[in-house]
Amino acid sequence: MKTLGYYPGCSLSGGGIELDLSVRALAKTAGVDLREIEDWNCCGASAAHSLDHSLAVALPFRVLALAESQGLAEVLAPCAACFSRLKGTQVRLARNPELNRRMAELVERPYQGGVRILNINEFIAALLKDGLAEKLTRKLGLKAVAYYGCLLSRGEDIVTGDDAEDPQGMEAALRAAGCEVLSWNASNECCGGGFSMSKTGSVLDLSQAILDEARAAGADLVVTGCPMCHSNLDMRQLELVKRRRVPGALPILYLSELLGLAAGLEPGALGLDRHFIESRQLVRGGA
Amino acid sequence: MNMSEPKEHPVAKAVRETAGVVLAECYQCGKCTAGCPMARYMDLSPNQVMRLAQAGDAAALERLLGSEALWYCAGCLTCAQRCPRQLDPAAVMDVLREMAHRQGKIPAAARKILAFHKAFLATVEWGGRMAEIPLVMRYKMNSLDLFSDALLGPAMLAKRKLPLLPHRIRGRGEVRRIFEKCRKGTRP
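Note that the structure is predicted; figures quoted are calculated from it, not measured.

S.K.: What should I look at first to understand the nonpolar core in this one?
M.R.: The tendency in soluble globular proteins is for nonpolar side chains to be buried as a group. Within the largest apolar cluster, 158 residues are counted, with the highest numbers of intra-cluster contacts made by A:Val75, A:Val223 and B:Val92. A total of 10 residues in this core trace back to one element, the largest contributor, which is helix H3 (residues 53-69) of chain A. In contact with A:Val223, not counting residues within four places along its chain, are A:Ala144, A:Val145, A:Ala146, A:Tyr147, A:Met170, A:Leu174, A:Leu253, A:Leu255 and A:Leu258.

S.K.: In this structure, what is going on with the domain arrangement of chain A? I would like to understand it.
M.R.: Where interface size is given, it is often the accessible area lost as the parts come together that is meant. Residues and elements named next belong to chain A. Under the domain assignment used here, chain A contains domain 1 (2-118) and domain 2 (138-282). Computed over C-alpha atoms only, the centres of domain 1 and domain 2 are separated by 24 Å. Contact with domain 1, which involves 23 residues of that partner, is made by 26 residues of domain 2. For the side of domain 1 that touches domain 2, the secondary-structure elements that each account for two or more residues are helix H1 (17-30), helix H2 (45-51) and helix H4 (80-95). Among the elements that make up the side of domain 1 that touches domain 2, the one with the highest residue count is H1 (nine residues). Counted by class, the side of domain 1 that touches domain 2 contains 13 nonpolar, eight polar and two charged residues.

S.K.: How do you make sense of the pairing of strand E5 (residues 143-147) of chain A when you look at a structure like this?
M.R.: Two faces make up the sheet, and in a regular strand the side chains alternate between them. Residues and elements named next belong to chain A. The buried count for E5 comes to four of five residues, which makes it a mostly enclosed element. The sheet contact formed by E5 and strand E6 (residues 180-181) spans two bridges and is parallel. Bridging across to E6, Ala-144 finds its partner in Val-181. What joins E5 to E6 is helix H7 (residues 169-176), and the crossover it makes is right-handed. Taken together, the four bridges between E5 and strand E7 (residues 221-224) define a ladder with parallel strand orientation.

Rules behind the numbers
- Residues numbered from 1 in each chain as written.
- Chains lettered and ligands numbered in written order.
- Predicted model: local features only at pLDDT ≥ 70, side-chain atom pairs only at ≥ 80, totals over all residues.
- Core = buried A, V, L, I, M, F, W, Y, C linked by C-beta atoms within 7 Å.
- Buried ≥ 20, exposed ≤ 12 C-beta atoms within 10 Å, placed from the backbone.
- Helix = DSSP H or I, 4+ residues; strand = E, 2+ residues; numbered from the N terminus.
- Contact = placed C-beta atoms within 7 Å.
- Domains from an automatic or database assignment.
- Nonpolar A, V, L, I, M, F, W, Y, C, P; charged D, E, K, R; others polar.
- Pairing = 2+ DSSP bridges.
- Right-handed = clockwise from strand over helix to strand, strands pointing away.

In structure tokens form, the structure reads like this:
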């Protein structure tokens, strides 16, 4: 069994718990042993870099240093924001030895730069290549749009190996799961990110525009890899439906949930029962 | 004709040292603003932020550091992705926001956003990880935004999306020390 380091990040034990459940279930199906970094801390997310440039590097630095000292050369960070902060820090440290030296002093831990951070799309592409594709035998027959949002499509030297303006990695995974993948206009538009509570109006506007595009393309569902995107499109969709700003409910699934369904796993084991917008009807035979 | 670089003012220096952006390289094409999902809510568009930061005189800084725009950046990275000079306006906004915060220049419309960031970081400083229930309680107290989303917490609990007790890591003392050192450290 292959071992991979795991950084769930804070939201995966809270609002984004379905991402944690489905990633762990998918890893188990694919025969990958996820080893959680012991005693990991928060990456700082949007809050740290909004107010303190040192803290924004120091918090991810401690995580990278812990992973290295625990012998984890490759670490999966399924949350798009955690991935972007961890890998962004990794990239900056590699370019700037002086920053690495200052951070090692501040955090009081050494870091030699030996940790590779993977995002959920890279993780799933690797699983598919290593044999998961053959296990995706449940025919879902769904029309899906791939929604990357910001942090799985952009960030120089952070998101690599795909086109930032027209990424296609998720589409390949959706096709492997037997979906009909639709072309649409909002695959890397912003949903409003971390402003869900503090500037809710902008999140409602931006999320509505994304849902409108998905519906115009004829999608049965939107597939995402980011817990902030999921929360904004799923939980905040309740309000859009209530205010009749969208004509009906559109299910939002994580890519790991969709692949788990295609692998024959039960919706409840993947977390589908925890979404605000009901999605279990997408699997034939219903919930 | 003098072809040498213009003299760098203190804000340009802070932006270069902290964000790695040379402000003088911006030629005001406006691509950052064209792609910005938050520009419609801003009092200054991203390219205007860049222009005022380039100017860097007292009047420009007064408008810039008191602007709502700095607080409305969602960090989506579209501006950095599309800038033809490979500049990073979002990183410039980070530096300017940190300056504005340090100088206590918080526009009224941005107080909720600041309250959220602070509540988020307070939970991380306390236990090493962000914890949603303490975060929301602290945010509500600080922002006095008491009644919006009042039903979401119970709904999230019903969906088994929230742990009742926040997890505190063993290394929380270490994390607290990181926060303390950063507070004392150099500032842009």
